[in-house]
Number of protein chains: 2
Amino acid sequence: MKLLSKMSPMLLLAAPLLFTASCKPGKVSETTDADAAQKVYVAPGKHDELYLFASGGFSGQLAAYGIPSGRLLKVIPVFSQNPENGWGYNENTKAMLNTSNGFIPWDDAHHPELSKTNGEDDGRWIFINGNNTPRIARIDLATFKTAEIIELPNSAGNHASPFCTENTEYLVGNTRFSVPEEGKDDVPIDTYKETFQGNVSFVKVDPKSGRMSVAFQIRVPGFNYDLAHAGKGPSHDWMFFTTYNTEQAHTLLEVNASQKDKDFIMALNWKKAEELIAQGKGKKTPAKYAHNILDENTHTATSTMENSVMVLDVKDFPELVYYMPCPKSPHGVDITPDGEFMVASGKLAATLPVFSFKKMLEAIKNKSYEGKVAGNLPVLKYESVLQAEVQKPGLGPLHTEFDDKGFAYTTMFVSSEVVKWSLKDYKVVDRIPVYYSPGHLSIPGGDSKKPYGKYVIALNKITKDRYLPTGPELTQSAQLIDITGDKMKVLLDFPTIGEPHYAQSIPAEKIVKNQKRFYKIEENKNPFVTSSEKDARVVRKGNRVDIYMTAIRSHLAPDNIEGVQVGDEVYFHVTNLEQDWDVPHGFAIKGANTAELLIMPGETNTLKWTPSKPGMFPYYCTDFCSALHQEMQGYLRVSPKGSSTPLKYGIGTKVEHQQ
Amino acid sequence: MKLLSKMSPMLLLAAPLLFTASCKPGKVSETTDADAAQKVYVAPGKHDELYLFASGGFSGQLAAYGIPSGRLLKVIPVFSQNPENGWGYNENTKAMLNTSNGFIPWDDAHHPELSKTNGEDDGRWIFINGNNTPRIARIDLATFKTAEIIELPNSAGNHASPFCTENTEYLVGNTRFSVPEEGKDDVPIDTYKETFQGNVSFVKVDPKSGRMSVAFQIRVPGFNYDLAHAGKGPSHDWMFFTTYNTEQAHTLLEVNASQKDKDFIMALNWKKAEELIAQGKGKKTPAKYAHNILDENTHTATSTMENSVMVLDVKDFPELVYYMPCPKSPHGVDITPDGEFMVASGKLAATLPVFSFKKMLEAIKNKSYEGKVAGNLPVLKYESVLQAEVQKPGLGPLHTEFDDKGFAYTTMFVSSEVVKWSLKDYKVVDRIPVYYSPGHLSIPGGDSKKPYGKYVIALNKITKDRYLPTGPELTQSAQLIDITGDKMKVLLDFPTIGEPHYAQSIPAEKIVKNQKRFYKIEENKNPFVTSSEKDARVVRKGNRVDIYMTAIRSHLAPDNIEGVQVGDEVYFHVTNLEQDWDVPHGFAIKGANTAELLIMPGETNTLKWTPSKPGMFPYYCTDFCSALHQEMQGYLRVSPKGSSTPLKYGIGTKVEHQQ
């Protein structure tokens with residue numbers, strides 16, 4: 001067991017610079033270029049082969065790219081406001097960003113996770129974690145829209161999330177930052193070891209609707225938890241987590257959390273936890289957390305505040321978790337397609353241990369412990385669970401995915417490379433530099449039972465000189481690598497939004513077959529829908545003015561409105577009456593303290609506006625929709641508060657309506 | 001003079017569908033594909049040849065792409081909040097989105113305009129208009145950051161903007177929606193013809209600093225103004241505008257603004273206006289508008305409210321403007337590289353008139369009028385100013401740019417094509433379908449004196465089946481077309497953010513030479529800078545808590561803070577101490593009602609937070625910066641209001657500081 005224990009963290013810090021400096025761009029030969037050009041080119045009018053869903057990292061969103069072209073097809077707003085289409089600004093979606101701390105316009109989204117059936121990506125939903133304010137979101141892949149967001153109580157830094165079990169029975173969320181229990185958390189920071197605790201949430205997913213609910217939480221020792229992965233096949237009942245800062249330091253972690261040679265992989269038997277909960281062994285514990293759902297028929301979100309969770313504490317149920325020693329500060333644990341082996345990456349270590357699930361069960365049975373941790377929790381003997389160590393994989397191993405030919409691919413953050421090794425003999429068979437400092441990598445289905453081993457996509461943190469410069473703030477980037485041959489070949493660099501923290505890719509046909517092209521107007525159950533132009537109207541109740549407006553090429557109805565007053569609460573409920581694909585309309589009014597509406601065919605969206613001064617306010621369609629788009633405009637007159645200007649509205653030569 | 005006057009606007013509406021239906025994708029042959037693949041492929045580590053700056057349209061931002069690869073290099077936040085890097089959320093940049101109507105988090109950005117010297121793109125700045133809340137922004141191309149935003153009073157829909165004169169003496173902004181004068185605008189909408197007026201703003205640009213100021217405004221008739229372009233060379237003193245809705249309709253414009261056969265090109269002599277202002281002929285008029293500047297040394301914005309503008313009314317100075325009849329509802333007017341001809345596109349017309357500047361001067365001299373408009377403003381005879389009509393160009397001509405070989409390229413919105421025609425004989429020489437419904441097009445330098453005629457980029461509004469589907473909301477798109485040969489060739493489709501309303505492209509070397517890679521810490525004049533870790537501290541004054549924090553791989557200092565209370569106004573002033581390229585740090589704290597900070601090396605950014613409940617709040621670096629990034633975290637303890645917990649802070653093993 002060789003560990004890089006003596007290498008100072010400070011020295012490792014400098015390593016990325018050393019390594020990247022020696023990797024000069026532009027080395028790819030002309031012959032390779034021509035070949036690669038053909039492989040990534042998607043001719044005009046043809047479609048990409050795969051979707052790649054990459055997290056926006058600190059953008060809080062999820063982005064869909066086409067592979068092999070690397071083209072950004074869509075930014076799906078999830079946890080952050082998106083001025084481009086009104087997400088988090090309009091009345092329909094504001095509630096999606098509600099939390100127990102109120103409205104939060106941003107998050108740090110790390111790990112997209114495709115829903116699975118029998119351990120294979122099924123293309124129905126994709127989930128992603130909010131790392132900052134602990135949340136999990138579900139995106140509906142029929143509409144590419146965020147359908148649901150659920151908060152996780154008693155957590156901070158929901159990083160090991162939202163990895164799912166084999167049939168999407170559960171999604172997991174775990175504290176990266178341990179914190180004291182809610183309501184008991186105004187304590188001195190230096191009581192860390194006594195009062196701070198870890199927490200694993202299991203979120204149940206309804207197999208039909210996809211609706212999420214916090215099924216139970218498990219209190220675990222106050223370590224930092226990094227990534228997780230569910231078992232599959234033989235290991236179906238288990239979830240595996242990496243831990244770091246098992247030193248339980250609370251300051252200067254870059255030094256203090258790297259003291260020990262080993263941290264742990266925590267194996268958690270979620271099936272047993274489920275049974276304990278079913279047997280009533282859980283403790284109902286007060287906890288406040290938001291649950292937000294975007295209704296598919298009203299296209300409007302509701303936010304509910306939940307008040308309790310069922311809790312199991314591993315102190316009371318030590319049989320739930322077993323710890324396996326792992327080279328220090330592991331960042332990831334990945335499960336082979338057959339569910340037999342767990343690959344752990346100690347980012348400060350020089351070897352890559354592969355653990356055997358079968359051996360783990362035997363070690364548990366034989367009580368092959370090397371000690372206990374956090375009081376009464378068994379630590380299995382390293383040798384008793386180890387299958388093999390991959391020797392000299394590279395520096396700073398982070399994450400591993402698998403192809404369909406028995407190979408594993410691991411990113412090396414510090415030495416900036418992707419390393420291919422065999423699951424047969426645990427020997428490195430190929431390595432390729434990437435530019436620079438890769439975090440995760442993605443093989444289509446590469447964490448599932450059925451990888452589609454044509455490409456690996458390296459997700460790089462640093463790009464420096466890889467693209468035309470854009471001032472001090474540079475893009476992060478992905479690199480597409482061909483893995484069909486014996487030797488890996490880099491085909492393409494393509495920039496990404498935010499940080500491409502993790503990504504999952506999937507053959508396009510699994511998504512294309514379920515696509516929704518527009519919303520049927522007769523299925524629109526929005527309470528403010530205006531189903532035909534003749535129903536367009538303006539209604540005043542006290543100081544609330546509801547404008548029921550329609551949009552169709554190329555006019556808004558009504559397009560002249562008078563009698564609105566300063567201080568009124570004005571609601572524009574705009575229904576897009578189009579019933580065809582790709583005919584959205586936009587809506588904006590001059591000077592409103594909000595973003596635009598971007599309304600898909602058959603949808604109703606609402607913009608709230610409180611005029612603060614009298615005047616003439618033009619409104620218009622913001623999305624170029626036809627040759628007469630520029631003519632798609634109207635005027636709203638605002639009079640002073642208490643003015644006698646009557647409420648009037650109309651369009652064209654119609655007699656104006658007066659209320 | 002043949003106009004499509006009898007074609008119903010309603011019929012034209014349907015045309016895009018008819019035309020697009022017949023353009024099947026995937027027709028490009030294999031041979032062409034191979035050739036095109038080579039032409040657009042930029043091998044890993046190599047750089048693109050050109051920057052393309054495309055407006056985000058309704059996203060409110062500006063995006064930089066690499067050409068020929070079509071890769072999105074950077075989204076530059078301008079008028080809209082950007083959660084990804086805190087633009088419009090952090091204390092440094094909030095003031096950039098200030099207006100006379102208060103804080104506005106969004107706009108509709110249409111026309112990027114590169115600064116020019118001697119009529120050529122000089123790569124110093126790029127300007128862009130805010131269409132909804134009339135504004136112009138200046139982006140510094142050394143940093144790719146929005147440096148300044150100025151509001152335009154008495155305007156609504158700043159669409160004909162910000163086109164610049166030959167040496168960037170002025171930028172122009174014009175009302176798309178005429179409105180009554182500010183302060184006199186609570187009037188019935190049906191008094192449109194009497195009370196609504198157009199307004200042209202001339203914004204002066206300081207040649208050294210780029211600083212903008214509203215030099216003067218010109219009141220013009222209450223039409224809708226679409227696009228503009230400045231003259232150059234012989235026509236240097238003039239600015240040309242398209243008008244529509246010269247019918248002055250105020251409702252159902254899709255019909256009522258398309259009644260007349262002709263609208264106008266308005267030629268405005270800005271040099272004469274400048275002289276009149278210098279002679280004191282302008283009228284100082286009250287007007288409230290914001291002027292926001294991001295200081296380059298503090299990286300912090302200040303917003304000033306201006307109170308007046310100098311106004312010239314064309315009723316008093318009719319010699320300032322001449323009207324030239326133009327086929328109905330023109331959307332664009334474009335000036336040939338030699339400044340001799342003005343090409344106007346009547347989007348509902350069947351011919352493309354080319355006007356001669358020389359003939360225009362003669363017609364003015366000879367008073368060759370066909371009448372007057374808006375009282376006393378001369379309309380020049382169509383025949384007296386016409387150079388030629390391009391016959392049968394296509395349906396729905398919108399915009400024209402020019403190459404360096406004597407050809408013009410015009411987009412046809414309705415017939416979905418780019419049409420190439422000769423400036424020698426005004427004959428169409430080639431046409432190519434684009435997918436679908438192009439608005440603007442862009443040739444590098446294609447509106448300047450020195451076009452770089454290698455590519456034309458078509459900016460398309462509708463994509464439908466061109467990419468893998470993404471639910472009802474689809475991307476808009478650009479198409480890269482090779483124009484080096486006799487026949488145009490489509491090389492690549494690439495998606496864009498928002499709506500690629502207009503774009504300008506420029507050879508990369510003009511931008512690369514001025515790039516700033518990081519900010520020198522010794523030049524950081526931010527009042528809250530912490531220049532070294534030993535100066536990190538926490539200071540309380542009343543209920544205001546200032547946290548002076550540093551970030552460097554891989555820790556934040558301080559990383560333990562206690563004694564903050566519920567209701568305190570907490571300011572995190574985070575200085576990134578790194579002094580190298582591409583080492584940003586991020587900063588976020590759990591549950592804050594704002595976005596993250598993304599801090600470039602040498603910069604100080606400030607996040608404000610008012611904790612609303614007691615508890616333990618982790619904070620951390622959000623941008624993966626080193627192998628020990630995960631360890632770059634801290635805790636802040638919030639106690640109840642009035643708590644006796646003392647203010648304390650520290651890092652590592654240092655003695656904790658207590659205030």
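Residues numbered from 1 in each chain as written. Chains lettered and ligands numbered in written order. Predicted model: local features only at pLDDT ≥ 70, side-chain atom pairs only at ≥ 80, totals over all residues. Heavy atoms only, no water.

Visitor: Is there a simple way to think about the relation of the copies chain B and chain A in this case?
Guide: Superposition of the two copies of the chain requires a rotation about an axis together with a shift along that axis. Each copy of the sequence occupies a distinct position, and chain B is placed on chain A by a rotation of 180° and an axial shift of 0.0 Å, giving an RMSD of 0.0 Å. On this basis, the relationship between the two copies can be described by a two-fold rotation axis. Scanning chain B for the C-alpha nearest the rotation axis identifies Ala37 of chain B, at a separation of 2.8 Å. Residue by residue, 100% of the interface of chain B is reproduced at the interface of chain A, so both copies engage with the same surface. (Least-squares fit on C-alpha atoms with pLDDT ≥ 70 in both. Contact = heavy atoms within 4.5 Å.)

Visitor: Explain the interface of chain B and chain A here, please?
Guide: A common measure of how large an interface is: the accessible area buried when the components associate. Taken together, the 159 residues of chain B in the interface contact 159 residues of chain A. Here chain B meets chain A over a buried area of about 14100 Å², counting both sides, of which 58% is carbon and sulfur. At the junction of chain B with chain A, the criterion picks out 6 salt bridges. Counting every contact that joins chain B to chain A gives 68 residue pairs in polar contact (both at pLDDT 80 or more). Looking at which element gives the most residues to the side of chain B that touches chain A, the answer is helix 2 (residues 30-40) of chain B, with 7 residues. In terms of residue class, the side of chain B that touches chain A is made up of 78 nonpolar, 46 polar and 35 charged. (Buried area = accessible area lost by both parts, 1.4 Å probe. Salt bridge = Lys/Arg side-chain N within 4 Å of Asp/Glu carboxyl O. Polar contact = N/O pair within 3.5 Å; in protein donor to acceptor, adjacent residues only side chain to side chain. Helix = DSSP H or I, 4+ residues; strand = E, 2+ residues; numbered from the N terminus. Nonpolar A, V, L, I, M, F, W, Y, C, P; charged D, E, K, R; others polar.)

Visitor: I would appreciate a short explanation of unusual backbone geometry in the present structure.
Guide: Outside of glycine, negative phi angles account for most residues, and trans bonds account for most peptide bonds. Look at the link from Ala557 of chain A to Pro558 of chain A: it is a cis peptide, with omega at -5°. Structurally, the position occupied by Pro558 of chain A is in the loop between strand 36 (555-557) and strand 37 (560-565).

Visitor: Would you mind showing me how to read the sheet that holds strand 33 (residues 503-507) of chain B here?
Guide: Residues and elements named next belong to chain B. In space, the 4 strands of this open sheet follow the order 3-2-1-33, with antiparallel pairing throughout. Of all the strands in the sheet, just strand 3 (71-76) and strand 33 have a single pairing partner and so form its edges. Strand-to-strand, the axes of this sheet are offset by a mean angle of 20°, without reference to chain direction. Where strand 1 (residues 50-55) and strand 33 come together, 5 bridges link them in antiparallel fashion. Paired with Tyr51 across the bridge in strand 33 is Ile506. (Pairing = 2+ DSSP bridges. Axes fitted to C-alpha atoms, helices over the stretch in contact; angles between N-to-C directions.)

Visitor: Would you mind going over the domain arrangement of chain A with me for this structure?
Guide: All names here are of chain A. Along its sequence, chain A is organised into domain 1 (9-512) and domain 2 (524-658). Inter-centroid distance (C-alpha atoms) of domain 1 to domain 2 is 44 Å. Contact with domain 1, which involves 13 residues of that partner, is made by 16 residues of domain 2. Where domain 1 abuts domain 2, roughly 1100 Å² becomes buried across the two surfaces, and 50% of that area is made up of carbon and sulfur atoms. Seen at the junction of domain 1 and domain 2, the total is 1 salt bridge. Residues Glu603 and Lys145 are paired through a salt bridge, measuring 2.7 Å at the closest nitrogen-oxygen approach. Linking domain 1 to domain 2 there are 8 residue pairs in polar contact (both at pLDDT 80 or more). Taken together, the residues of the side of domain 1 that touches domain 2 break down into 2 nonpolar, 8 polar and 3 charged. (Domains from an automatic or database assignment.)

Visitor: Is there a simple way to explain the pairing of strand 38 (residues 569-576) of chain B in this structure?
Guide: The side chains of a regular strand alternate between the sheet's two faces. All names here are of chain B. Counting buried positions along strand 38 gives 7 out of 8 residues, so the element sits mostly inside the fold. One ladder, built from 8 bridges, connects strand 35 (residues 544-552) with strand 38; its direction is parallel. When the bridges of strand 38 are listed, Tyr548 appears paired with His573. For strand 38 and strand 41 (residues 604-609), the ladder comprises 6 bridges, and the chain directions are antiparallel. (Buried < 20%, exposed > 50% of the residue type's maximum accessible area, 1.4 Å probe, protein only.)

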